[in-house]
Amino acid sequence: MTTTPTDRRETRTQRLHDVMAARRRVARRVAEVASLDRDGLGRWAESALARTVAHARRNSPFYSCRIPDSLVKAVAADPEAFRSVPFTTRQDLAAAYPLGLLAVPLREVTRFDESSGTSDGSSIAAFFSADDWIENNLTVAHLLSAVLDGTDVVAVAVPYELAGVGQDLDRALELLGCTIVPLGAASPDCPPERMVRALRRSGATTLVCSGTRALLLGEVARRSGLDPAGDLAVDKILTAGEGASPAKKALLAREWGASVYSMFGMTETNTLAMFCPRQDLHLVETRTYFEIVDPATGARLPDGETGELAVTTLAGRAMPLLRYRTGDTCRIEAEPCPCGSPLRRLRHRGRLGDRIAVGRGWASQLEIEDVVLGALTRPPYFFAFDVDGSVLDIALPPASAADGRTRDAIAAQADRRFGAGTRFGVLDVPAFEHALRTSAKPTMRNFLRTPGRRTP
């Protein structure tokens, strides 16, 4: 039987109707889960956990040889049996690259993302079906709506290449009716100077980027004769891509005249935590199951204790992850937030791999950042550091390095918090800025052993 042009047009039209119907089904599912109270969310998570384990065992080449059928049945009968599921690591993802964790036919993959998320720089892949992708877009839009609406002009200065964070934010912001200014990350076509001009021309009310990039953009604005707080319309900064210390958030709020909110996620998991109107960070428990485990033993820790964050996807069919050890040091707080959300709150304490032996014990890069940025009183708000035994070797911009009060304040806090001595040098600011400008994701890592440090 031959088909006519009319038949083909009708077939294409029906396919579009089917796509829209599928999206409406996802939207209803997202709305239903988002409306659950704490008890209802707990019951839903137990059921979703059992489904995820069964799906991974049945369809993922990686998990099919790691999860016995008996464990699948045990988790379905008793959620506590989930503690017996083996952990997944970033090294596992690298070893399974590129398709070993794919749990749907390749034709059902809507997005293929990559991240160099292992210590040796080897790639890990992330897959999302249409339902996975749309569900995350809708969830992010729902959470962004706590502080954004159709009157906002949002400048997005995060990577768009391979990692899905830029595109995911775009889709969510479109759903809210926001105007989007896609600045990207380290494109030579959009250096920091052009980003600042775009912020001004567009009247951007919101800036999405890492906290470190926001510090750099503030410095670039000042050098062009602009006061970030007075001459730009940005009144909200959404930080992504790195943790931010209390001192960095306070500094950004003061310098930009903006409210500062945190987001947290990974290429391989999509969004894990989002802000509320009170600027607290809430776990996205409508998509993910969260545990805090002892980094050494893997034993699960109760809410309120600090350990390593492990996550299990509850809404990702293309690439389910079971007890994925993120390498992030975190604490989960179960006490209700005054904002009224049933979602527990997350306290991010930095990366396990970024902890540094100094003074009385260990310090995280975020803790060192908090000490140094908390003492700086003038721009540029940059620094570099290294560790020499029990001494923190800190390089500051010339004016700050010459300020005895600034040095004394840092030294006093380093001694009080870490039991560490301090030694100060002068930061080569142009060399340091070059490291920030050429990084697609400028973060705290740029502050460690940065080239361009010299002694006074």
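In the annotation of an unreviewed UniProt entry, the protein is listed under the name AMP-dependent synthetase/ligase and assigned to Streptomyces zelensis.

**Overview of the nonpolar core**
Core analysis: the biggest nonpolar cluster contains 75 residues, and Leu144, Leu148 and Met263 have the highest contact counts within it. Looking at this core element by element, the count peaks at eight residues for helix 2 (residues 38-59). Not counting the four nearest positions on each side in its chain, Leu148 is found in contact with Val154, Leu173, Leu176, Cys178, Thr206, Lys236 and Leu238. By size, the runner-up hydrophobic cluster in this structure holds 58 residues, among which are Ala155, Leu207, Ala247 and Val358.

**Describing the domain arrangement of the protein**
Think of interface size as the accessible area that goes away when the parts come together; that is how it is often given. Domain parsing of the protein yields domain 1 (14-353) and domain 2 (359-438). Using only C-alpha atoms to locate each centre, domain 1 and domain 2 end up separated by 30 Å. Across the interface of domain 1 and domain 2, roughly 1500 Å² is buried in total on both sides, 60% from carbon and sulfur atoms. Connecting domain 1 to domain 2 are three salt bridges. Summed over the shared surface of domain 1 and domain 2, the number is six residue pairs in polar contact (both at pLDDT 80 or more).

**Some thoughts on the layout of surface pockets**
In this structure, the second largest pocket occupies an estimated 410 Å³ of space. If you trace the second largest pocket, you find 21 residues lining it, with Arg38, Glu285, Tyr289, Phe290 and Arg344 closest to the centre. Here the lining of the second largest pocket gets six residues from one element, more than from any other, and that element is helix 2. Here the residues of the lining of the second largest pocket are counted per class, giving 11 nonpolar, two polar and eight charged.

Thresholds, definitions, all that
- In every chain, residue numbers begin from 1 and rise along the written sequence.
- With the structure being a predicted model, the display of local features is reserved for residues of pLDDT at least 70 and the display and counting of side-chain atom pairs for 80 or more, all residues being used for whole-chain, interface and lining totals.
- With hydrogens and water set aside, each side-chain value is computed from the structure's full complement of heavy atoms.
- For the purposes of this section, nonpolar cores are sets of buried Ala, Val, Leu, Ile, Met, Phe, Trp, Tyr and Cys residues that join through side-chain atoms within 4.5 Å.
- Here the term buried applies to any residue with accessible area under 20% of the maximum for its type, exposed to any over 50%, and partly exposed to those in between, with areas from a 1.4 Å probe on protein chains only.
- Put simply, DSSP marks the helices as runs of H or I at least four residues long and the strands as runs of E at least two long, and each gets a number from the N terminus on.
- Whether two residues are in contact is decided by their heavy atoms: any pair within 4.5 Å suffices.
- Domain borders in the structure are assigned automatically or taken from a domain database.
- Buried area adds together the accessible area that both of two parts lose upon being put together, with accessible area traced by a 1.4 Å probe.
- In what follows, salt bridge is the name for a side-chain nitrogen of Lys or Arg lying within 4 Å of a carboxyl oxygen of Asp or Glu.
- Any pair of N or O atoms that falls within 3.5 Å is considered a polar contact. Within protein, one atom must be able to donate a hydrogen and the other to accept it, and sequence-neighbouring residues count only if both atoms are side-chain atoms.
- The method works on a 1 Å grid over the protein atoms by themselves. A cavity is a set of points holding a 1.4 Å probe that cannot get out, a pocket is an open set with protein on both sides within 12 Å along at least five of seven lines, and residues with an atom within 4 Å of a point line them.
- Grid points are joined across faces, edges and corners, and a volume is the space filled by probe spheres set on the points.
- Residues were grouped as follows: Ala, Val, Leu, Ile, Met, Phe, Trp, Tyr, Cys and Pro as nonpolar; Asp, Glu, Lys and Arg as charged; and all remaining residues, including Gly, as polar.

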